[in-house]
Amino acid sequence: MKKTDIDAAAAFQFPSRRDFLRTMGLLTGGALVYGSPLLSLAVESVKDMRFIAGKFGLELDGAFAGFLLSADGGSGVGEVITTRSGGELIPRKQLGAVKYENIILTCGLGMSKAFYGWIKDTTDSKPLPKNGAILVLDFDYKERSRMTFQQGLLSEIAFPALDAASKDAAKMTIKIAPQSTRLTGPAPSATGIAKPDLSKTKAWHTSNFRLRIQGLEDACTRINKIEPLVVKQTIQSISSGDKRSPASLPGPLEFSNLVITLPELDAGPFYKWYDDFAIKGNQGDDKERQGVLELLDPTLKEVLLSVTLHHLGIFNFAPEKMEASSEKIRLVKAEMYCEAIQLT
């Protein structure tokens, strides 16, 4: 190898898994250096470097599960153990177990049935670990590199914030807690991914939604905002003496509150429920309510995703701050606890 080639190769720095995925997250209009050591194992010289677009794909249990909007995390971090003995002034350091960061993914619609089934199993308290990979693809949807993960559990599922006045595309965020990860080149059998037919992909916007709460259906028709619904799966790490990485076991589920905003003129039934349930203390299962949140297509007729909300109990009802002489419609915010959130 020529000296110039050696100097050029030495200039490269191997990024961490976090930097690797963050660098790859250029989905539209971005460019990536194909000559990076993680993308090409045989760069002859700087002049031979080519550029590819950043596209992500998700693979679950060996099957393609859909395209991602972004990916981050998954880095393995060794625990630094510090010890002192006798009268030593300088401590000794060594590495203990390696712990892996959550893999954070965002996606729209168009994911596979296996992907949504994984989410549903988690919200149904039947979490299953899965092996998979984050794929990095070029302009031709050919796999260039991958980050594999083993025994991954869903640690968080976040549905999008909804706003009737917004034109933003909706997206889900999920976090995967892997037992281990590994950066590799493309799989030996990789032949490329079929280019998606965008004409068949359902548009999903944060403004297209419908919320129905038992006994309050009419009052729900003018809800204009819903804060993100989040399901968290606690993960317990179990260390083993003969393994570098601790095993992951699922723990209890945690569910966020349902927080909605609506005009004060339509909020009378919510206030009546709040006064009876929270102020007067008439609580219990018979006073809690069931709810269904539906995410709709642009025609507002087809349900794209449905989320069931179990045992809602209202505990906060407050008008939003208003300025004197303001011409804005007066809004109120209602907050309800939720015992369970299920993807249906």
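This text gives an overview of the structure that appears in the document. (Residues numbered from 1 in each chain as written. Predicted model: local features only at pLDDT ≥ 70, side-chain atom pairs only at ≥ 80, totals over all residues. Heavy atoms only, no water.)

Since there are 3.6 residues in each turn of an α-helix, residues three or four apart along the chain are aligned in direction. Of all the positions in helix 3 (residues 113-123), only Phe115, Tyr116, Trp118, Ile119, Thr122 and Thr123 are classed as buried. Within helix 3, the buried residues cover an arc of 150° as seen down the axis, which keeps them to one side. (Buried < 20%, exposed > 50% of the residue type's maximum accessible area, 1.4 Å probe, protein only. Helix = DSSP H or I, 4+ residues; strand = E, 2+ residues; numbered from the N terminus. Arc of directions from axis to C-beta.)

The tally for this structure, following the rule as stated, stands at 13 salt bridges. The salt bridge partner of Glu143 is Arg146, with a shortest N-O separation of 2.7 Å. Under the relative-accessibility criterion, Glu143 is labelled buried at 8%. Owing to a relative accessible area of 9%, Arg146 belongs among the buried residues under this scheme. Salt bridges sharing partners connect three or more residues here, namely Glu59, Glu143 and Arg146. (Salt bridge = Lys/Arg side-chain N within 4 Å of Asp/Glu carboxyl O.)

The next thing to look at is the side chain of Thr206. Tracing the sequence through the fold places Thr206 in the loop between strand 13 (180-184) and strand 14 (209-213). The residues touching Thr206, leaving out its near neighbours within four places in the chain, are Ala161, Leu162, Asp163, Ser166, Asp168, Ala169 and Ala170. (Contact = heavy atoms within 4.5 Å.)

Of note in the backbone geometry, Ser125 takes a positive phi value of approximately 65° without being a glycine. Relative to the assigned elements, Ser125 resides in the loop between helix 3 and strand 9 (130-137). Even without glycine at this site, Gln151 takes up a positive phi of about 50°. Structurally, Gln151 is set in strand 10 (residues 143-158).

What follows covers the nonpolar core. Burial of nonpolar side chains together is a common tendency in soluble globular proteins. Counting residues in hydrophobic clusters, the biggest one holds 62 residues, and the most contacted among them are Leu58, Ile134, Leu258, Ile260, Phe270 and Met336. Per element, the largest residue contribution to this core is seven residues, and it comes from strand 20 (residues 303-319). (Core = buried A, V, L, I, M, F, W, Y, C linked by side-chain atoms within 4.5 Å.)

None of this, on its own, says anything about what the molecule does.
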